[in-house]
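Observations on chain architecture
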Amino acid sequence: MTLVAIYVAVVFGCGLVARLLRLPPLIGFLAAGFILNAAGVEKLTGIDEIAEIGVMLLLFAIGLQLDLRSLIKKEVWLGSTVHMVLMSVVGVGFLSLLSLAGAFGPESLRVLVAIAFVLSFSSTIVAVKVLQERGDEQALYGRVVIGVLVMQDIGAVVLMSVSQGKPPSPWALTLLVVVPVISWSTRYWNRLGHGEMEVLFGIGMALIPGYLLFTAVGLSGSLGALIMGITLARNPGADQLSNALFRIKDLLLVGFFVAIGFHGIPTWVNLGLGAALLVLLPVQAVGYWALLWLFGLRNRTALLAALALANYSEFGLIIAEVGADDGWLSESWLLTLVVAVSGGFVVAGFLNPTSVSGVSRLARRLPARHPDRLHPEDRPIDIGDAEAVVLGMGRVGSAVYRQLADEYGYRTLGVEHDPNRTAYLEERGYQVIEGDATDYDFWTRMVDTGGVIMIVLAMPAQYANIEALRELRRIGHSGAVVASVALYREDVRELEELGIDVVIHLYQGAGEALADRAVEAVRAQGGEPAAAGPIGPVATPTVGTAEAGDTETGDTLAAPLVLDRHMIGNREARIRDDTRMPGEPGPLS
C-alpha cells in the first residue's frame, strides 16, 4: 500500500503542476513515470495491464460513438492513405540524412521503413482526449480525425502482423459470422439498467469478445475493442454506456502514461535523436492540412484536424516492443521512440488547448475559397426567417426550442454540430441546421436576414458557450438578446462578467420547476396548502388583498393562487432537460 501511495502522490503532484502551468495533465503523468523510474521506485505490479485496459476502453468508447459512414468519405480513407505513404517516404529520407550525419549507425532499409511508417501514425489517446475535452467528437473535424485514426489502426494491425512474420489466423474469417451473432445476442443489453451491471457489461464487451477473441485469431485486440463498440453503437443506451465508462477509462489511462516512463532511462543519444524526430511533426501537420484543404474542407476545419493529429502514436511503442522482442529492432531505438512519442504528447498539449479561438484567428489569415468549391458540410448556411436561434440541441436546447416555439410562438431555429442528432430532430419536426457555434466562420457563413432577436447558448461545455459568446461579440449580433445556461455557479459569474444578457443556473432552475410542479399537483387535487399533515401544518402563502373589498392582509387566500403560465413553462423547460424519451439520442452537442 505504501508503494501505491507514493505513486498517487507523485502522479497527482505532477498532474497538478501541469495544470498550474496550463498544460494538459497527461504531460504531468508522463513526467511522473520518468521521475519514478529515475528515482528507483519499484514498478507497480499490474500497471501495464491497467494501461492496456484503459486503451481498450478508450477504443471501445470511440466505437460506441463512431458512424461507419464517415470511413467511406474520401477525405478519410484516401486522405489517411496518402498521408501515411507520403510521411513514410519523408521519414525514410529524414532518417537516412540523420544516419549520414552520424546520429546513429547504419540500419537496414527494413528498419528505416518500419520506423518511418509508425511515425506516420497519430496518437489515438491524445487525439480523442482532445476531442472529448472540447466535446467535438461529432463535429466535422472530429469525425475526420476519428476516421483517420481508425484507418491508421488498420495499418498498424497490418504492420504488426508483417513484423511478427505471421499473418492473422485463418480462423479470423469466422469473425465475419461471430461479430453479427454477438451484435444480435446483445441487442437488449440496455435492459440491465444503470450502475454496476452496466459498467461491467461495457468492460466485459471490450475485453472478452473484443480484446481476447481478436488476439486469439491473430488480430489486434485494440481493433477488437473498437469493433465491439461499433456493434453496440446503434442500440439504445450506447451514449449512456459511454458516459458510464468515461471516468473509469480516464483513470486507467493515467496508468498508460505513467507506464511509458518505465521503458527505460534514455541516454543523451536517445534524447537527442528523439528530439530530432520531432522535426517531422510540423511536416506531418502541414501534410494533413494540405490534404484536407484539397478535399474541400475550410481552413479552420482542416487546421483543427491537422493539429489534433500532429503527434506520434502509442502504437509506435507497441510495435517497437514487438521489434525489440523479435530482435530486428534494438533497445536503443525503443528508448528513442519513447522520447519521440512522449515529446509528441507534450507538443500536442501546447498545440491543442481547449479553447479554439487561436486556431480560428490563424484560419482567418489564410486564403479563403469560393463556397462552391467547399465541402458540402462547410458551405454557407441560410437561417431563413428565424427570430430565435438555439445553439446546442441536446436535452436543454431541445426543451428551450419547444418552449420558444410552442409557448411563445417564436420562429425558432436550432443549431447542432452532431449530424446524427440533427437528423433525429429533423425527423421529429424541429427546424435544425448542422453547424459549430464556436466557429467564427460559422457566423460569417450564416445568411442572416436581420430578424433574429434572441440567441440561446445551450451547449453542455462552458468553454463552448464562452467561445460562441465571444464570436457573437466579435461580429456583432444586431442587438439580439443573448441567454445561456450554466452548470456551475462559477460559470454563471464568468458569463455575467462577459456581459451576457441572461444566464440561468441549471440546478437552481430545476429546483424552482420542481416546486412549481408540486404546487400544481396539490391544487389539482383540490387541496389547500394550509391543510395539516403528519409533519405539521403546511405554510400558506401570504399576500396583500386577494380580491377587491378585502380588508385583511396576510390571511389565507380566498381563491387559489394563480401561477404565471409562462414562468412555470420556462422552469419546466429546464426540468425536462433531465428526462429523455426511450430511444432518443443523448446530448452530443
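Residues numbered from 1 in each chain as written. Predicted model: local features only at pLDDT ≥ 70, side-chain atom pairs only at ≥ 80, totals over all residues. Heavy atoms only, no water.

Moving on, we come to the overall build of the protein chain. When helices and strands are counted, the protein chain shows 24 helices and 10 strands. Per-residue burial over the protein chain gives 51% buried out of 589 residues. For the protein chain, restricting intrachain contacts to residue pairs at least 6 apart in sequence, the fraction spanning at least 24 positions comes to 75%. Put simply, the protein chain shows about 27300 Å² of open surface, and 63% of that area lies on carbon and sulfur atoms. (Helix = DSSP H or I, 4+ residues; strand = E, 2+ residues; numbered from the N terminus. Buried < 20%, exposed > 50% of the residue type's maximum accessible area, 1.4 Å probe, protein only. Contact = heavy atoms within 4.5 Å. Areas by Shrake-Rupley, 256 points an atom, 1.4 Å probe, with all protein chains shown as cover.)

So, on to the environment of isoleucine 208. With respect to the element layout, isoleucine 208 can be found in helix H9 (residues 196-216). With 17 residues separating them in the primary sequence, isoleucine 208 and alanine 225 have C-alpha atoms 8.8 Å apart.

Right, let's talk about the sheet that holds strand S4 (residues 432-434) for a bit. The six strands lie next to each other as S4-S3-S2-S6-S7-S8, forming an open sheet whose pairing is parallel. The open sheet has two edge strands with one neighbour each: S4 and strand S8 (502-505). Each strand of the sheet is rotated relative to its neighbour by a mean of 20 degrees, with strand direction disregarded. Note: strand S2 (residues 388-391) against strand S3 (residues 412-416), four bridges, orientation parallel. Among the inter-strand pairings, alanine 388 is bridged to a residue of S3, identified as threonine 412. (Pairing = 2+ DSSP bridges. Axes fitted to C-alpha atoms, helices over the stretch in contact; angles between N-to-C directions.)

On to helix H3 (residues 47-64). Here H3 spans 26 Å end to end across 18 residues, near enough to the 26 Å set by a 1.5 Å rise per residue. Burial analysis of H3 places 13 of its 18 residues in the buried class, which makes it a mostly covered element. (Expected span 1.5 Å × (residues − 1).)

Take the environment of leucine 232 next. Structurally, the position occupied by leucine 232 is in helix H10 (residues 221-232). Spatially, the C-alpha atoms of leucine 232 and glycine 202 are 9.8 Å apart, while their sequence positions differ by 30 residues. In this view, leucine 232 contacts Phe60, Leu64, Thr186, Trp189, Phe201, Met205, Ala238 and Leu241; residues no more than four positions away in its chain are not counted.

The subject of this paragraph is the side chain of serine 122. For serine 122, the location among the structural elements is in the loop between helix H5 (109-119) and helix H6 (124-134). Within the local environment of serine 122, its side chain forms a polar contact with the side chain of tyrosine 288, the two groups lying 3.2 Å apart. Excluding residues that lie within four positions of it along the chain, serine 122 makes contacts with Leu149, Gln152, Gln284, Tyr288, Leu309, Asn311, Tyr312 and Ser313. (Polar contact = N/O pair within 3.5 Å; in protein donor to acceptor, adjacent residues only side chain to side chain.)

With that settled, consider the pairing of S2. Side chains Ala388 and Val390 project from S2 onto one buried face, and the interleaved Val389 and Leu391 project onto a second face that is buried too. As defined by bridge partners, S2 adjoins strand S6 (residues 454-457) across four bridges and the pair is classed as parallel. In the strand pairing of S6, leucine 391 is matched with leucine 457.

For strand S7 (residues 481-486), the tally of buried residues reaches five of six residues, placing the bulk of the element in the interior. Sheet topology note: the S7/S8 ladder contains four bridges and is parallel. From the neighbouring strand, valine 485 faces S8, where its bridge partner is isoleucine 504. In this fold, the crossover linking S7 to S8 by way of helix H22 (residues 489-497) has right-handed handedness. (Right-handed = clockwise from strand over helix to strand, strands pointing away.)

Okay, the nonpolar core next. The tendency in soluble globular proteins is for nonpolar side chains to be buried as a group. Counting residues in each nonpolar core, the largest one holds 93 residues, and the members touching the most others are Leu95, Val145, Phe256, Val258, Leu277 and Phe345. In terms of residues, this core owes the most to one element, helix H7 (residues 140-163), which gives nine residues. If you look at the next biggest cluster of nonpolar residues, it comprises 27 residues, including Ala386, Val389, Phe442 and Tyr463. (Core = buried A, V, L, I, M, F, W, Y, C linked by side-chain atoms within 4.5 Å.)

What follows covers the pattern of salt bridges. In total, this model carries eight salt bridges according to the counting rule given. Note that glutamate 434 and arginine 143 form a salt bridge whose closest N and O atoms lie 3.5 Å from each other. One end of the pair, glutamate 434, is in strand S4; the other, arginine 143, is in helix H7, and 291 residues separate them in sequence. Assessed through its relative accessible area of 9%, arginine 143 is described here as buried. For the salt bridge of aspartate 250 with lysine 249, the shortest nitrogen-to-oxygen distance reads 3.1 Å. Each member of the pair, aspartate 250 as well as lysine 249, carries the same accessibility label: buried. Counted as one network, the salt bridges with shared partners bring together Lys129, Lys249 and Asp250. (Salt bridge = Lys/Arg side-chain N within 4 Å of Asp/Glu carboxyl O.)

Under the counting rule described, the total for this entry stands at seven aromatic pairs. Consider the rings of tyrosine 7 and phenylalanine 262, whose centres lie 6.2 Å apart with planes at 10 degrees: the pair is stacked. Taken together, the residues span a long stretch of sequence, with tyrosine 7 in helix H1 (residues 2-20) and phenylalanine 262 in the loop between helix H11 (238-260) and helix H12 (268-277) at a distance of 255 residues. For the pair tyrosine 7 and phenylalanine 262, a shared accessibility class is recorded, and that class is buried. One aromatic cluster is present, built from ring pairs that chain together Phe256, Phe257 and Phe345. The ring of tyrosine 430 carries arginine 402 above its face, with NZ or CZ at 4.7 Å from the centroid. (Phe/Tyr/Trp six-rings, centres within 6.5 Å; stacked < 30°, edge-to-face > 60°. Lys NZ or Arg CZ within 6 Å of the ring centre and 35° of its normal.)

Caution applies to low-pLDDT parts of the model: their predicted coordinates are not meant to be read in detail. A residue-level look at the protein chain finds 83% of positions with pLDDT of 70 or above and a mean pLDDT of 78. Here helix H24 (residues 565-576) stands out as the element of the protein chain with the lowest mean pLDDT, 35, in contrast to helix H13 (residues 280-294), whose mean of 93 is the highest. Ignoring residues within four places in sequence, the model shows residues 530-589, a span with pLDDT below 50, making 83 contacts including any to other chains. (pLDDT = per-residue confidence, 0-100.)

Our next topic: a negative patch on the surface. Together, Glu490, Glu494, Glu496 and Glu497 give the surface a local cluster of negative charge. On the basis of relative accessibility, which here comes to 32%, the residue glutamate 494 falls in the partly exposed class. (Patch = residues over 30% accessible without salt bridge, like charges linked within 9 Å, V, L, I, M, F, W, Y side chains within 5 Å. Lys, Arg positive; Asp, Glu negative; His and termini not counted. Charge placed at Lys NZ, Arg CZ, Asp CG, Glu CD.)

A cluster of nonpolar side chains, namely Met1, Val4, Val8, Phe12, Leu16 and Leu20, defines an oily patch on the protein surface of about 680 Å² accessible area. Relative to the helices and strands, valine 4 resides in helix H1. On the basis of relative accessibility, which here comes to 35%, the residue valine 4 falls in the partly exposed class.

Here we take up the packing of H6 against H11. Two elements in contact, H6 and H11, have axes separated by 13 Å at closest approach and are oriented at 145 degrees. H6 and H11 meet at a crossing whose hand is left-handed. Contact residues: Ile125, Lys129 and Gln132 in H6; Phe246, Lys249, Asp250, Leu253, Phe256 and Phe257 in H11. (Left-handed = near helix turned anticlockwise from the far one by under 90°.)

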